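Below, each chain spelled out in residue letters.
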Amino acid sequence: DDKLLTEPLSHPDFFSVKELFTLKDLFDARVHLGHKKGCRHRFMEPYIFGCHLDQDIIDLDQTMQHLQLALNFTAHVAYRGGIILFVSRKRQFCHLVESTARACGEYAHTRYWQGGLLTNAHIHFGPGVRLPDLLVFPCTLNNVFEPHVAIRDAAKMNIPTVGVVDTNCNPCLITYPIPGNDDSPAAVELYCKLFRMTIIRAKDKRRQSEAVEEL
Amino acid sequence: TLRLICTTTVVQRKNVGASGPEKYTEAFIKKQIEEFNLGKRHLANMMGEDPETFTQEDIDRAIAYLFPSGLFDKQARPMMKHPTEVFPEQRKIQWGEDGRPFHFLFYTGKQSYYSLMHETYEKFLNVQKHQDQLIAQDLPLQKEKRNLAGSRWLTKIELEEMLLEKLSDDDYSRFIQLLEKLVALPCADIEENYIQKFSKEVPVQLQKVVIEPLQYDEQGVAFSTGEGKRKTARATAVVYDNGTGKITVNGTDVLHYFPVLQDREQLLFPFQFLGRIGKHDMVCTVSGGGRSAQAGAIRLASAKALRSFVTEKEVEFMRQAGLLTVDPRVKERKKPGQEGSRRKFTWKKR
């Protein structure tokens, strides 16, 4: 049992997450497109490659690195049977994110976030509830273009976060930010596909390892 | 030896309200069901009936006999019902042994409601996809209109019972809007099964009331009876066909019984409405109430009797005109501390 948990940690890319995406995939899904120069957030300047006709272009090399780290982390969390919660407040992709979560066997919350869901969980859900072990944000902003309350709450409750940060988002409190476009349907579909594939891969590997251990 | 540096004299009180309503364990409910069945058999034995064929109605009758109660509220009287009816259905614990919740929308708080919205939206997308396919193949879209008049959506309370969850008015109205959008699409017939779960039939008013057929007396003249009431007056009317418009009340002519024009107008109103003033004879008996009350009672009785002579459409017209509804107004009681039912005593400043 100990071996099962410690073995993946010795490899840098145990779940071979790098094979799931290429730079061309990211470019075709329009992940590099950001918002206009006026919407730029100060802390996103390191991740921006340049500005073309007033529109910010995100550096896809950095995106590749961040995406690989984030997917590797989610895979490890899923391998250890952690609860992953997909949070997004974009109405356009609410259904897509919920279906992705259902397909992985994980959880989603794409509706109105009630105040004490994480911080006051025992009153909301009942005593003995288990909080999520990872929060994934396909879009970090809520409908008023402010950072989602769940980022701050997760930081308060020591829950790691993975989030796609656009040029108008604040990447501060997110543990594994992924600079990239969060508005195009193509980009969000790509992210959902990648997360779904990593989680399913990690869970399959876990089942295989357990089966091998039993023998 | 240990020396306590500071002691709290007040023990921290448990926040009783925070844990929510009392949760019944499954074992408790099972024990209640066993006790109920045993008690049922004892009761049957006591009443001298067969314990095997002792139904809930027999139980109710037995309890009403053994524990007579003069209380007005039926819910306040002693009753013996199956525990599933007594203890409300509850949500059991939503997560398994390892702590992972069962439902994928558990962390939203309102999992049944949001999963319902998710499913309905999925059906909506399905219908749109189907529509696109039909358009791509240049096939005509189906245009069978659903019968909107005969059905209504579930009320908020019914939906709450279905989902076992509290809803807010906003949530409910959003769900109904989504259903309306789904139904408005031309190809919504595909998801008819799903939509029917949330719609209820509203039977047209007429279907409940059975209109009696005409009866014929010795000379072959058609007649029909009707009963009516208003305030404390009770009246029965027999309306005969092939008549001259003669009306007899309690054995006396209508002019002698109702000297006031207003009362006679009330009697004639149903006939005038249907345009059958000189065509029917009427014989009625009335008791109780006052002058106007008796007139109103006879009017209702004659309208009910006329239903048998007339087509269904005209019956619907009569119902909408208010000829067939019992007037519910009665004399309001006088309350203590007031002079009448509404009038208060004169207010004196000092």
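Calculation criteria
- Residues numbered from 1 in each chain as written.
- Chains lettered and ligands numbered in written order.
- Predicted model: local features only at pLDDT ≥ 70, side-chain atom pairs only at ≥ 80, totals over all residues.
- Heavy atoms only, no water.
- UniProt positions renumbered as here; feature names shortened; annotations may be inferred.
- Helix = DSSP H or I, 4+ residues; strand = E, 2+ residues; numbered from the N terminus.
- Expected span 1.5 Å × (residues − 1).
- Bend = angle between axes of the 7 residues up to and from the residue.
- Buried < 20%, exposed > 50% of the residue type's maximum accessible area, 1.4 Å probe, protein only.
- Domains from an automatic or database assignment.
- Axes fitted to C-alpha atoms, helices over the stretch in contact; angles between N-to-C directions.
- Parallel < 35°, antiparallel > 145°, perpendicular 65-115°, else oblique.
- Left-handed = near helix turned anticlockwise from the far one by under 90°.
- Contact = heavy atoms within 4.5 Å.
- Nonpolar A, V, L, I, M, F, W, Y, C, P; charged D, E, K, R; others polar.
- Pairing = 2+ DSSP bridges.
- Phe/Tyr/Trp six-rings, centres within 6.5 Å; stacked < 30°, edge-to-face > 60°.
- Arc of directions from axis to C-beta.
- Salt bridge = Lys/Arg side-chain N within 4 Å of Asp/Glu carboxyl O.

Taking an unreviewed UniProt entry as the reference, chain B is identified by name as Small ribosomal subunit protein uS9m belonging to Platysteira castanea. Heading Sequence similarities (unreviewed entry) of the UniProt record for chain B holds this comment: "Belongs to the universal ribosomal protein uS9 family." A UniProt comment under Subcellular location (unreviewed entry) is attached to chain B, and it reads "Mitochondrion".

Within an unreviewed UniProt entry, the label attached to chain A reads Small ribosomal subunit protein uS2m, and the organism entered is Platysteira castanea. Looking at the Function (unreviewed entry) heading of the UniProt record, one finds this comment for chain A: "Required for mitoribosome formation and stability, and mitochondrial translation." If you open the UniProt record of chain A and go to Sequence similarities (unreviewed entry), you find "Belongs to the universal ribosomal protein uS2 family."

Trainee: Give me helix 10 (residues 261-274) of chain B: which residues, what numbers.
Mentor: Residues and elements named next belong to chain B. The terminal C-alpha atoms of helix 10 lie 20 Å apart, and with 14 residues this matches the ideal 20 Å at 1.5 Å per residue to within 8%. Of all the bends in helix 10, the largest measures some 45° and sits at Leu268, one to four residues before the proline Pro270. Turning to helix 10, its buried residues number three or more, namely Asp263, Leu267, Pro270, Phe271 and Leu274. Note on helix 10: the residue one or two positions beyond its end, Gly275, has a positive phi of about 75°.

Trainee: Describe the domain arrangement of chain B, and please don't skip the residues or the numbers.
Mentor: Interface size, as often reported, equals the accessible area lost upon joining of the parts. Assigned domains of chain B: these are domain 1 (26-86), domain 2 (106-201) and domain 3 (215-321). With centres defined by C-alpha atoms, the gap from domain 1 of chain B to domain 3 of chain B works out at 49 Å.

Trainee: Break down the packing of helix 3 (residues 60-79) of chain A against helix 7 (residues 185-214) of chain A for me, with residues and values.
Mentor: The description of two helices packed together rests on the angle between their axes and the distance between the axes. All names here are of chain A. Where helix 3 contacts helix 7, the two axes come as close as 8 Å, and the packing angle between them is 40°. In terms of orientation, helix 3 lies oblique with respect to helix 7. Regarding helix 3 and helix 7, the two cross each other, and that crossing is right-handed. For the pair formed by helix 3 and helix 7, the contact residues are Leu67, Leu71, Thr74, Ala75, Ala78 and Tyr79 on the first element and Leu194, Phe195, Thr198, Ile199, Ala202, Lys203, Lys205, Arg206 and Ser209 on the second. Taken together, the residues that form the contact of helix 3 with helix 7 break down as nine nonpolar, three polar and three charged.

Trainee: Describe in detail the sheet that holds strand 3 (residues 215-216) of chain B, supporting the description with residues and values.
Mentor: Residue and element names in this part refer to chain B. Pairing is mixed across the open sheet formed by six strands, whose spatial order is 3-4-5-8-6-7. Two strands bound the open sheet, and with one partner strand each, they are strand 3 and strand 7 (252-253). Relative to the sheet, helix 11 (residues 291-306) contacts strand 4 (222-230), strand 5 (233-240), strand 6 (247-249) and strand 8 (281-287), its axis offset from that of strand 4 by approximately 140°.

Trainee: So what about unusual backbone geometry? Which residues, and what values?
Mentor: Positive phi, close to 60°, is recorded for Asn158 of chain A, a residue that is not glycine. As for its position among the elements, Asn158 of chain A is in the loop between helix 6 (149-156) and strand 7 (161-165). Under the relative-accessibility criterion, Asn158 of chain A is labelled exposed at 70%. With a phi close to 50°, Asn250 of chain B is a non-glycine residue in the positive phi region. Along the chain, Asn250 of chain B turns up in the loop between strand 6 and strand 7.

Trainee: So what about the packing of aromatic side chains? Which residues, and what values?
Mentor: All chains considered together, the criterion is met by 18 aromatic pairs over all chains. Note on Phe14 of chain A and Phe15 of chain A: the rings are 5.1 Å apart at their centroids and 85° apart in plane angle, and the pair reads as edge-to-face. Looking at Phe15 of chain A, the relative accessible area reads 3%, which means it is buried. Arranged with centres 6.2 Å apart and planes meeting at 75°, the rings of Phe269 of chain B and Phe273 of chain B form a pair that is edge-to-face. A residue pair is termed a helical-turn pair when its members lie 3 or 4 positions apart in one helix, as Phe269 of chain B and Phe273 of chain B do in helix 10 at four residues. Cluster of aromatic residues (ring-pair linked, three or more members): Tyr107 and Phe125 of chain A together with Trp95, Phe106 and Tyr107 of chain B.

Trainee: Which residues make up helix 6 (residues 169-184) of chain B, and what are the values?
Mentor: Turn by turn, an α-helix covers 3.6 residues, leaving residues three or four places apart pointing in a common direction. Residues and elements named next belong to chain B. End to end, helix 6 covers 22 Å across 16 residues, agreeing with the expected 22 Å (1.5 Å per residue, within 8%). Those residues of helix 6 that sit buried are Asp171, Tyr172, Phe175, Ile176, Leu178, Leu179, Leu182 and Val183. Along the axis of helix 6, the buried positions cluster into a sector of 155°, meaning they face one direction only. Opposite the packed face of helix 6, turned more than 90 degrees from it, sit the exposed residues Asp169, Asp170, Gln177 and Ala184. Elements that come into contact with the buried residues of helix 6 comprise helix 4 (111-136), strand 1 (151-153), helix 5 (156-163) and helix 7 (192-196).

Trainee: I'd like a rundown of the pattern of salt bridges, residues and numbers included.
Mentor: Within this structure, the stated rule accounts for 27 salt bridges over all chains. One salt bridge in this structure joins Asp153 of chain A and Arg152 of chain A, with 3.4 Å as the shortest N-O distance. The exposure class assigned to Asp153 of chain A is buried, which follows from its relative accessible area of 1%. As a salt-bridge pair, Arg319 of chain B and Glu316 of chain B come within 2.8 Å of each other at their nearest N and O atoms. With Arg319 of chain B and Glu316 of chain B both in helix 12 (residues 312-321) and three residues apart, this pair spans about one turn of that helix. One continuous salt-bridge network, built from bridges that share partners, spans Lys90, Asp182 and Asp183 of chain A.

Trainee: Lay out the sheet that holds strand 8 (residues 176-179) of chain A in plain terms, naming residues and giving numbers.
Mentor: All names here are of chain A. In spatial order, the strands read 5-4-6-7-8; together these five strands make up an open sheet with parallel pairing. Here the strands that pair on one side only, and so sit at the sheet edges, are strand 5 (107-109) and strand 8. Averaged over all pairs of adjacent strands, the angle between their axes in this sheet comes to 20°, without regard to strand direction. Taken together, the three bridges between strand 4 (residues 84-87) and strand 6 (residues 134-137) define a ladder with parallel strand orientation. By the bridge assignment, Ile84 is partnered in strand 6 with Leu134. In the packing of helix 6 onto the sheet, the strands contacted are strand 4, strand 6 and strand 7, and the crossing angle to strand 6 comes to about 160°. Those strands touched by helix 7 are strand 4, strand 6, strand 7 and strand 8, and its axis lies near 175° from that of strand 4.

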